[in-house]
Amino acid sequence: MTRHFLRDDDVTGAEQAEILDLALELKRDRFGTRPLAGPQTVAVIFDKSSTRTRVSFAVGIADLGGVPLIISTASSQLGGKETASDTARVLERQVAAIVWRTFAQSGLEEMATGTTVPVINGLSDDFHPCQLLADLLTIREHRGALAGLTITFLGDGASNMAQSYLLAGATAGMHVRIASPAEYSPLPAVVADAERIAVKNHGSIALFTDPDAAVSGADVVVTDTWVSMGKEEEKAHRLTHLGIYRVDPELMALAVPDALFLHCLPADRGYEVTAEVIDGPQSVVWDEAENRLHAQKALLVWLLAH
């Protein structure tokens, strides 16, 4: 059966650790593993603009001996004249895997149904699982084991990043806290899934509206842009209601003294995070950005092997 990576919980805790172990190996020996030599092609489809996803997948596929085929839906039939499932049936006869950065999670699920090659979620409105692999890899590099660490996400709790933190953090056995206004709470179904996974992996899930309480004693503090793609018309409302969740030095001081700060980028300095934090000594955002390359290479190698 073909394995896909559409949500963070598409892998078990043991499988997640296996992928992260592989990522560390590939980072140490960047060109030593070439399962796409031939070269084989990987289709990388973009409905949304991108810097880190585009660069990291294109470079990573080349590192693995393959050819990245970058496709913009604006210049293809996908989503217009052709369904996601039909597109997948065409692509699977010519490519080794499909990566899709899109809007609706349902499109990814349709594409993966019955497809004979792995489908990877490069980002959707609901989840950003490749980013979470990079984030967990970064935390592991700086703190060792993930299990038992407390991680706090502040801002839009209904965002793809917050929801992926719930699932991926629970899978890793972490204590995940989401701090957001009630109107920006994660989807109840995602919270329920995360709670179920957390129980199995000796982690926990907690939702907060008070940012100070959420950050208190945290090992890792995370935020993301308050105005994601497609939400631009909500900017004024979001800035008003999310202002108390800005990560500044005073808020970081409530975490453990050596707490890490993460942000998947791009960042709006002065909004969700101050320059003093993101450019300060606790920030590991540049390691995090680089680790998209290594984590996604490991994911591709792992999926192709399964």
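Everything that follows concerns the structure shown earlier in this document.
Rules used throughout
Residues numbered from 1 in each chain as written. Predicted model: local features only at pLDDT ≥ 70, side-chain atom pairs only at ≥ 80, totals over all residues. Heavy atoms only, no water. Phe/Tyr/Trp six-rings, centres within 6.5 Å; stacked < 30°, edge-to-face > 60°. Helix = DSSP H or I, 4+ residues; strand = E, 2+ residues; numbered from the N terminus. Buried < 20%, exposed > 50% of the residue type's maximum accessible area, 1.4 Å probe, protein only. Lys NZ or Arg CZ within 6 Å of the ring centre and 35° of its normal. Pairing = 2+ DSSP bridges. Axes fitted to C-alpha atoms, helices over the stretch in contact; angles between N-to-C directions. Contact = heavy atoms within 4.5 Å. Right-handed = clockwise from strand over helix to strand, strands pointing away. Salt bridge = Lys/Arg side-chain N within 4 Å of Asp/Glu carboxyl O.

Enquirer: Could you give an account of the packing of aromatic side chains, with specific residues and numbers?
Expert: According to the stated counting rule, one finds one aromatic pair in the structure shown. Centre to centre, the rings of Phe 153 and Tyr 165 are 6.2 Å apart; their planes meet at 40°, and the pair counts as tilted. Of the two residues, Phe 153 is situated in strand β5 (residues 150-154) and Tyr 165 in helix α6 (residues 160-171); the sequence distance between them amounts to twelve residues. Neither residue differs from the other here; Phe 153 and Tyr 165 are each classed as buried. Stacked on the ring of Phe 46, the Lys or Arg Arg 54 has its end atom at 4.3 Å from the ring centre.

Enquirer: Describe the sheet that holds strand β2 (residues 67-72), listing the residues and the values that go with them.
Expert: Spatial strand order, β2-β1-β3-β4: four strands in an open sheet with parallel pairing. Strands with a single pairing partner mark the edges of an open sheet, and in this sheet they are β2 and β4 (119-123). Averaged over all pairs of adjacent strands, the angle between strand axes in this sheet comes to 20°, irrespective of strand direction. With five bridges joining them, strand β1 (residues 41-46) and strand β3 (residues 97-101) adopt parallel strand pairing. Bridging across to β3, Val 42 finds its partner in Ala 97. Packing of helix α4 (residues 105-112) onto the sheet brings it into contact with β1, β3 and β4, and relative to β4 it is tilted by some 165°.

Enquirer: Mind laying out the pairing of β1, listing which residues take part and the relevant values?
Expert: Burial analysis of β1 places five of its six residues in the buried class, which makes it a mostly covered element. In terms of strand pairing, β1 meets β2 through six bridges, oriented parallel. Across the sheet, Val 42 pairs through a bridge with Pro 68, a residue of β2. Running through helix α2 (residues 52-63), the crossover from β1 to the neighbouring parallel element β2 is right-handed.

Enquirer: Run through the pattern of salt bridges, naming residues and quoting values.
Expert: Enumeration according to the criterion identifies twelve salt bridges in this entry. Between Glu 141 and Lys 27 there is a salt bridge whose closest N-O contact spans 2.8 Å. One end of the pair, Glu 141, is in helix α5 (residues 129-143); the other, Lys 27, is in helix α1 (residues 13-28), and 114 residues separate them in sequence. For Lys 27, a relative accessible area of 26% translates into the label partly exposed.

Enquirer: Explain the environment of Thr 209 residue by residue, including any values.
Expert: Residue placement: Thr 209 occurs in the loop between β7 (204-208) and α8 (211-215). Put simply, Thr 209 and Tyr 184 are 25 residues apart on the chain and 9.8 Å apart in space, counted from C-alpha to C-alpha. Residue contacts for Thr 209: discarding those within four places in its chain leaves Ser 180, Ala 182, Ile 244 and Tyr 245.

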